[in-house]
Amino acid sequence: MHRSIWRRLFRHTARAVAVGAVVAGLTVVTPSGSSAAAAGTLQQVTGFGSNPGNLAMYVYAPSDLPADAPLVVALHGCTQSASDYHSHSGWQKFADQWGFAVVYPGTGTANNSLSCFSWFDSTKDTRGKGEAASIVQMVDTAVARYGSDRSRIFVTGLSAGGGMTADLLADYPDVFAGGSVDSGLPAQCAATQSAASGCQYSNQNLTPKAWGDKVRNSYPGYSGPWPRVAVWQGSSDTTVAPVNGSELRDQWTDVWGIGQTASSTQNLTGGTTESVYDDSAGKPAVALFSVSGMAHGLAVNPGSGADQCGTTGTYYLAYICSSYYTAKFWGLDGSGDQGGTGSLPAPSGLTVTGTTDTGAALSWNSVSGAVAYNVYRNGTKAGSATGTTYADTGLSVGTSYSYTVAAVDSSGAVGTSSAPVTATTTGSAPKCYTDNNYNQVKAGRAHQSGGYTYANGSDQNMGLYNVAVTHTLKETTTGYFVLADSGC
């Protein structure tokens, strides 16, 4: 975080804590420690895996989260916490508005004296090791709990969390579809703690190819697709020098095989300049957001406007809602086109005009200049229409879906997406059963082996085979049960 904190970081050796394998079942508690399973609140999840990095897992999911929704992983900075990041960063607003879950990994002083993620330690930030492995275990757990779309998993982080974000994108390009590095460092810039200060404060004088090789060498043999990466950097940052923003841009454009000359540039609010670097298909692959005058921190913009979010605090600085523009860049607003490139406005009046057990009918108001409209279901393009109505078919019975619509001009450019609406198909929704593990087995919804309970069908570990452990199981198809503690 700020300069004095980072200096202390390099004077203190992180204290490693040996962690044994976690064999107990998944448990959800509120941050205060009380039992909870309600969606719409920040919850701690324990027993999510072997957890070699000794991290804590917190989750936030809207109460009406649809199936196949995206998943965002958000990493706090030094001296911060998961709950602090949830409170200030603004991600909750867009999770509620656009329908996705958020995982907040947390580290603490047992791992590092300043509660920093170890982006500078090759025993903790590389594929299959330490904190990086723990975070991917959290992703796997969240996907199982929420039915998240594995093709739309994203990661973002501030400062040391930003450095770890870049490492995760390099280590696991097969897991993350995109990332956002906020006031952070290039992937694998440092392999030891002693080398970290050079990355923070100095130009490393590497070519784009040399930076790109650090990514390619993190998962040898991987051939793509690569994550789409947003970079946020303040021009007056004295903790993580602004050159890191340029180095991140060089690194990821090289990975994508594109040049370092921006495809487009525009001025945004808060003295922010956005430079976009398109891939060979003309879609944004890398975006560099330079915030004039901003010191070290995460850019927020408190207020009720559509492009506003977050609250100010230590390292939460009032300039622009970075979470909003990052979510748009990833396509979480439902555009499915990485934010769209067209100038047409969002269609108004999107309405669900009817539903059946396997279909939903939509209508909306026309947009001048539109030759077609893209329809997105849960953030993924479901189809297109030349008029202002659309019938979606082949849906699941008794299931809720989020829809948005975007206008397409004569050149094929996609405009801004509409506000979302929810359509729920008719019929009976999947049945859910809440009971202790002993009774779940007795009822034929689970089985026990070696003293532990496993859901029938999915074989998810439910913990000890006794009456003291309670879970909710959802029967998605006959005889196939999945954990649904967050809500059915």
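The rules behind the values
Residues numbered from 1 in each chain as written. Predicted model: local features only at pLDDT ≥ 70, side-chain atom pairs only at ≥ 80, totals over all residues. Heavy atoms only, no water. Helix = DSSP H or I, 4+ residues; strand = E, 2+ residues; numbered from the N terminus. Buried < 20%, exposed > 50% of the residue type's maximum accessible area, 1.4 Å probe, protein only. Contact = heavy atoms within 4.5 Å. Areas by Shrake-Rupley, 256 points an atom, 1.4 Å probe, with all protein chains shown as cover. Salt bridge = Lys/Arg side-chain N within 4 Å of Asp/Glu carboxyl O. Pairing = 2+ DSSP bridges. Axes fitted to C-alpha atoms, helices over the stretch in contact; angles between N-to-C directions. Disulfide = S-S within 2.5 Å. Parallel < 35°, antiparallel > 145°, perpendicular 65-115°, else oblique. Left-handed = near helix turned anticlockwise from the far one by under 90°. Nonpolar A, V, L, I, M, F, W, Y, C, P; charged D, E, K, R; others polar. Core = buried A, V, L, I, M, F, W, Y, C linked by side-chain atoms within 4.5 Å. pLDDT = per-residue confidence, 0-100.

A.B. asks: Is there a simple way to think about the overall build of the chain in this case?
C.D. replies: Looking only at helices and strands, the chain has 10 helices and 27 strands in total. Buried positions account for 54% of the 488 residues belonging to the chain. Sequence separation of at least 24 residues holds for 63% of the intrachain contacts in the chain that already meet a minimum separation of 6. Surface exposure of the chain reaches about 18,000 Å², of which carbon and sulfur atoms provide 49%.

A.B. asks: How should I be thinking about the pattern of salt bridges in this particular structure?
C.D. replies: Where side chains of opposite charge bring their charged atoms close, a pairing between them can arise. Enumeration according to the criterion identifies 11 salt bridges in this entry. Between Asp140 and Arg150 there is a salt bridge, and its shortest N-O distance comes to 2.9 Å. Note that Asp140 is positioned in helix H4 (residues 130-146) and Arg150 in the loop between H4 and strand E6 (153-158), a separation of 10 residues in sequence. Several salt bridges share partner residues, and in doing so they unite Lys209, Asp213, Arg216 and Asp254 into one network.

A.B. asks: In this structure, what is going on with unusual backbone geometry? I would like to understand it.
C.D. replies: Across residues other than glycine, the phi torsion is negative in most instances, and most of the peptide bonds are trans. Of note in this structure, Gln188 is not a glycine but carries a positive phi near 55°. Examined against the element boundaries, Gln188 turns out to sit in the loop between strand E7 (178-182) and helix H6 (196-201). Backbone geometry at Tyr315 places phi at a positive 70°, although glycine is not the residue there. Here Tyr315 lies in the loop between strand E12 (298-300) and strand E13 (316-318).

A.B. asks: Is there a simple way to think about the sheet that holds strand E25 (residues 461-464) in this case?
C.D. replies: One key point about sheets: their strands pair by backbone hydrogen bonds, in either a parallel or an antiparallel sense. With respect to topology, three strands assemble into an open sheet ordered E23-E24-E25, the strand pairing being antiparallel. Taken across any chain shown, the strands that pair with only one partner, and hence form the sheet edges, are strand E23 (446-449) and E25. Ignoring which end each strand starts from, the neighbouring axes of this sheet average 25° apart. Here E23 runs beside strand E24 (residues 452-455); their pairing, made up of four bridges, is antiparallel. When the bridges of E24 are listed, Gln448 appears paired with Thr453.

A.B. asks: Can you help me understand the state of the cysteines in this one?
C.D. replies: The bond known as a disulfide is covalent and runs between the sulfur atoms of two cysteines. Counted according to the given criterion, the structure contains three disulfides. Linked covalently through their sulfurs, Cys189 and Cys199 form a disulfide whose S-S length is 2.1 Å. The sign of the S-S torsion, about -105°, decides the handedness of the disulfide formed by Cys189 and Cys199: left-handed. Here the residue Cys189 occupies a position in the loop between E7 and H6, and Cys199 occupies one in helix H6, the gap between them amounting to 10 residues. The two residues Cys189 and Cys199 agree in class, both being buried. Through a disulfide, Cys309 is tied to Cys321; the S-S separation comes to 2.0 Å. Note on the Cys309 and Cys321 pair: the S-S dihedral is about 100°, so by sign convention the disulfide is right-handed. Placement of Cys309 in the loop between E12 and E13 and of Cys321 in the loop between E13 and helix H9 (322-330) is noted, with a sequence separation of 12 residues between them. The class for Cys321 is buried, based on a relative accessible area of 0%.

A.B. asks: Looking at this structure, how should I read the packing of helix H7 (residues 208-216) against helix H8 (residues 243-256)?
C.D. replies: To characterise two packed helices, one gives the angle between the axes of the helices and the distance between these axes. Viewed as axis vectors pointing N to C, H7 and H8 meet at an angle of 70°, and their least axial separation amounts to 7 Å. When the axes of H7 and H8 are compared, the pair comes out roughly perpendicular. Classified by chirality, the crossing of H8 by H7 is right-handed. Facing Pro208, Lys209, Trp211, Gly212, Lys214, Val215 and Arg216 of H7, the residues of H8 in contact are Glu247, Asp250, Gln251, Trp252, Asp254 and Val255. A per-class count over the contact of H7 with H8 returns five nonpolar, two polar and six charged.

A.B. asks: Help me out: how do you make sense of the side chain of Thr156 in this one?
C.D. replies: Looking at where Thr156 falls in the secondary structure, it is placed in strand E6. Relative accessible area serves as the criterion here: at 2%, Thr156 is assigned to the buried category. Each residue touching Thr156, except ones within four places of it in the same chain, is listed here: Val72, Val73, Ala74, Leu75, Trp91, Thr165, Ser180, Asp182 and Trp330.

A.B. asks: Could you clarify how one ought to interpret the nonpolar core in this entry?
C.D. replies: Generally speaking, soluble globular proteins have nonpolar side chains that are buried together. Counting 47 residues, the largest nonpolar core has Leu168, Phe176 and Trp252 as the members making the most contacts within it. Sort the elements by how many residues they give to this core and H4 lands first, with nine residues. Sequence-distant contacts of Phe176, defined by excluding residues within four places in its chain, comprise Val73, Val139, Ile153, Phe154, Val155, Leu168, Leu169 and Pro227. Grouped together as the second largest cluster of nonpolar side chains are 38 residues, Trp98, Ala299, Tyr316 and Trp330 included.

A.B. asks: Quick question: what am I supposed to make of the sheet that holds strand E22 (residues 431-436) here?
C.D. replies: In spatial order, the strands read E22-E26-E27; together these three strands make up an open sheet with antiparallel pairing. Each end of this open sheet is capped by a strand with a single partner; those strands are E22 and strand E27 (480-483). Averaged over all adjacent pairs, the angle separating strand axes in this sheet is 35°, with direction ignored. Across six bridges, the pairing between E22 and strand E26 (residues 470-477) is antiparallel. Bridge pairing in E26 places Thr434 opposite Thr472.

A.B. asks: Help me out: how do you make sense of the confidence of the model for the chain in this one?
C.D. replies: Parts of the prediction with low pLDDT should not have their coordinates interpreted in detail. Per-residue pLDDT for the chain averages 87, and the proportion of residues at 70 or more is 89%. Counted against residues more than four places away or in other chains, residues 1-25, with its pLDDT under 50, gives 71 contacts. Predicted confidence for residues 30-38 stays below pLDDT 50, and this span has 18 contacts to residues more than four positions away or in other chains.

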